[in-house]
Amino acid sequence: PYTEYANLLTDKEAAAAKEAVLKAVLEAAIYPKETADQFIAQSVKQDLEFELKGSWNCIVGAKFGLAVNVEDNKYAQLFVDEKYNVFIFKNPSLK
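Residues numbered from 1 in each chain as written. Predicted model: local features only at pLDDT ≥ 70, side-chain atom pairs only at ≥ 80, totals over all residues. Heavy atoms only, no water.

Draft legend 1. Fine view of the pattern of salt bridges. According to the stated counting rule, one finds 3 salt bridges in the structure shown. A salt bridge links Lys-74 to Glu-13; its shortest N-O distance comes to 2.9 Å. Of this pair, Lys-74 sits in the loop between β2 (56–61) and β3 (75–80) while Glu-13 sits in helix α1 (residues 11–28); the two residues are 61 residues apart in sequence, bridging distant segments of the chain. The residues Lys-74 and Glu-13 share a single accessibility class, namely buried. Between Lys-23 and Asp-47 there is a salt bridge; the shortest N-O distance is 2.9 Å. Of this pair, Lys-23 sits in helix α1 while Asp-47 sits in helix α2 (residues 33–52); the two residues are 24 residues apart in sequence, bridging distant segments of the chain. Classification of Lys-23 by relative accessible area gives partly exposed; the value is 35%. (Salt bridge = Lys/Arg side-chain N within 4 Å of Asp/Glu carboxyl O. Helix = DSSP H or I, 4+ residues; strand = E, 2+ residues; numbered from the N terminus. Buried < 20%, exposed > 50% of the residue type's maximum accessible area, 1.4 Å probe, protein only.)

Structure below.
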């Protein structure tokens, strides 16, 4: 199961994020539990930066807290299989 907790992305960004997360979670099944979260985060980041351009980040874990600067309305928090908490955000542009 896939659940969106918060999604302030455009439709195109949300579709790309969902596809990247689900693909990475499926591919992570071959990795040991200790490295699966890191693999998912790296994979999602690379896919979003290729598909949507810009500087994207992805944090994955069972439970975590965070405080980050994000570009306005460019973040989403997703849950997959009650196992992965995935927070995706676009870095603010440097001026």
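Draft legend 2. Main features of α2. Spanning 20 residues, α2 covers 29 Å between terminal C-alpha atoms, matching the ideal 28 Å at 1.5 Å per step. Of the residues making up α2, those classed as buried are Ala-36, Phe-39, Ile-40, Ala-41, Ser-43, Val-44, Leu-48 and Leu-52. On its buried face, α2 sits against α1, β2 and β4 (84–90). Once α2 ends, the next one or two residues include Lys-53, with phi positive near 65°. (Expected span 1.5 Å × (residues − 1). Contact = heavy atoms within 4.5 Å.)

Draft legend 3. Examining the side chain of Glu-13 more closely. Using a relative accessible area of 11% as the deciding quantity, one classes Glu-13 as buried. Residue contacts for Glu-13: discarding those within four places in its chain leaves Leu-52, Trp-56 and Lys-74.

Purely spatial values, then, with no claim about function.
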